[in-house]
Amino acid sequence: MVKMLVLVRHGDAEGRGPAGDIGRRLTDEGRSALEAAYPEAFKPLRDATSLALWASPAIRAMQTAAVIADALGLGEDDINVRNSLYEQDQEEFLAELAQASEEIIVAVGHVPFMRHVAHYLAGLDGGFSKGEVRAIGFEGDGLTGGRVLWTVEP
C-alpha cells in the first residue's frame, strides 16, 4: 500500500524535433541541474526497502528517472514505464497506485498532469517547475489525507 508518492516533473528538455514529443531529450543543462540536486533530494529514500520508480515512456522522463535511479542506488532496469504518466490519464494512474504493493512510488511525468495529481491528492496549487520534486504522504488506508512532506526545485 502506498504511503508516499513522490511526483517529479522531468528536467529541462529540448524543443520538438523530428522524433516528435516523445523523443525529446533533456538538455545538457537540464541533466546537469538534476545531477546536482537529486542526490541530496532523494537521500531520505536511499535506504527504502519498498520503493518503485515509475516513469513516462517519453525520453526526457526516462532520462530524468535514470538520474533518480542513480541517486537511489538503483539501475535503469528498475524503472517501470507507465503509459498513464505520458497519456496524463489520472484515472488509470490512480488505479495503478491503488494496486501497487510498494510503500513509496516515485513517478516521473509531465505537466499539467503532475499539477493535477498534486492538487487532487494533497490540495496543492501553483506551478510545477521542470525537475521539481514533491513528496506527498498518506495516512491510513488508501490515497486519502495527502499532505506535502517535502519539495525540491533544482
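Residues numbered from 1 in each chain as written. Predicted model: local features only at pLDDT ≥ 70, side-chain atom pairs only at ≥ 80, totals over all residues. Heavy atoms only, no water.

Glancing now at helix α2 (residues 59-72). Taking 1.5 Å of rise per residue, 14 residues should cover 20 Å, and α2 covers 20 Å from first to last C-alpha, within 8% of that figure. Along α2, 11 of the 14 residues are buried, which leaves the element largely enclosed by surrounding structure. Taken together, the buried positions of α2 are occupied by Arg 60, Ala 61, Gln 63, Thr 64, Ala 65, Ala 66, Val 67, Ile 68, Ala 69, Ala 71 and Leu 72. Buried positions along α2 lie against β1 (4-9), α1 (28-41), β2 (51-55), β3 (79-81) and β4 (104-109). Following α2 by one or two positions, Gly 73 adopts a phi angle in the positive range, close to 75 degrees. (Helix = DSSP H or I, 4+ residues; strand = E, 2+ residues; numbered from the N terminus. Expected span 1.5 Å × (residues − 1). Buried < 20%, exposed > 50% of the residue type's maximum accessible area, 1.4 Å probe, protein only. Contact = heavy atoms within 4.5 Å.)

The periodicity of an α-helix, 3.6 residues per turn, causes residues three or four places apart in sequence to face the same way. Taken as a whole, helix α4 (residues 90-99) has its buried residues at Phe 93, Leu 94, Glu 96 and Leu 97. Buried residues of α4, seen end-on, are gathered within an arc of 155 degrees and therefore sit on one face of the element. Across from the buried face of α4, at angles greater than 90 degrees, the exposed residues are Glu 91, Ala 98 and Gln 99. Each element contacted by the buried residues of α4 is listed here: β1, β2, α3 (83-87), β4 and α5 (113-122). (Arc of directions from axis to C-beta.)

As a further point, take the pairing of strand β5 (residues 133-137). For a regular strand, side-chain orientation follows a simple rule: the groups alternate between the two sheet faces. Of all the 5 residues making up β5, 5 are buried; the element is thus mostly covered by neighbouring parts of the structure. Burial along β5 is two-sided: Val 133, Ala 135 and Gly 137 facing one way and Arg 134 and Ile 136 facing the other are all buried. As paired elements, β1 and β5 share 5 bridges and run antiparallel to each other. Considered in β5, the bridge of Leu 5 is made with Ile 136. Pairing of β5 with strand β6 (residues 147-152) involves 5 bridges; the strand directions are antiparallel. Looking at the pairing, Ala 135 lines up with Trp 150 of β6. (Pairing = 2+ DSSP bridges.)

Glancing now at the side chain of Ser 56. Inspection of the secondary structure puts Ser 56 in the loop between β2 and α2. Within the structure, Ser 56 has its side chain in polar contact with the backbone nitrogen of Ala 58 (distance 3.1 Å). With sequence-adjacent residues up to four places away left out, Ser 56 is seen in contact with Ala 61, Met 62, Arg 82, Leu 85, Tyr 86, Val 108, Gly 109 and His 110. (Polar contact = N/O pair within 3.5 Å; in protein donor to acceptor, adjacent residues only side chain to side chain.)

Once that is clear, we can look at the packing of α4 against α5. At a minimum axis separation of 11 Å, α4 and α5 run at an interaxial angle of 60 degrees. Between α4 and α5, the angle falls in the class oblique. For α4 against α5, the interelement crossing comes out right-handed. Between α4 and α5, the contacting residues are Gln 90, Phe 93 and Leu 94 on the first element and Phe 113, His 116, Val 117, Tyr 120 and Leu 121 on the second. In terms of residue class, the contact of α4 with α5 is made up of 6 nonpolar, 2 polar and no charged. (Axes fitted to C-alpha atoms, helices over the stretch in contact; angles between N-to-C directions. Parallel < 35°, antiparallel > 145°, perpendicular 65-115°, else oblique. Left-handed = near helix turned anticlockwise from the far one by under 90°. Nonpolar A, V, L, I, M, F, W, Y, C, P; charged D, E, K, R; others polar.)

A separate point is the sheet that holds β4. Sheet architecture is open: 6 strands sit in the order β3-β2-β4-β1-β5-β6, paired in mixed fashion. For this open sheet the edge positions go to β3 and β6, each flanked by a neighbour on one side alone. Taken over all neighbouring pairs, the strand axes of this sheet differ in orientation by 25 degrees on average, direction set aside. Its contacts with the sheet place α4 against β1, β2 and β4, and it is angled at close to 165 degrees to β2.

Taken together, Asp 70, Glu 76, Asp 77 and Asp 78 make up a surface patch of like negative charges. For Asp 77, the position within the fold is in the loop between α2 and β3. Under the relative-accessibility criterion, Asp 77 is labelled exposed at 70%. (Patch = residues over 30% accessible without salt bridge, like charges linked within 9 Å, V, L, I, M, F, W, Y side chains within 5 Å. Areas by Shrake-Rupley, 256 points an atom, 1.4 Å probe, with all protein chains shown as cover. Salt bridge = Lys/Arg side-chain N within 4 Å of Asp/Glu carboxyl O. Lys, Arg positive; Asp, Glu negative; His and termini not counted. Charge placed at Lys NZ, Arg CZ, Asp CG, Glu CD.)

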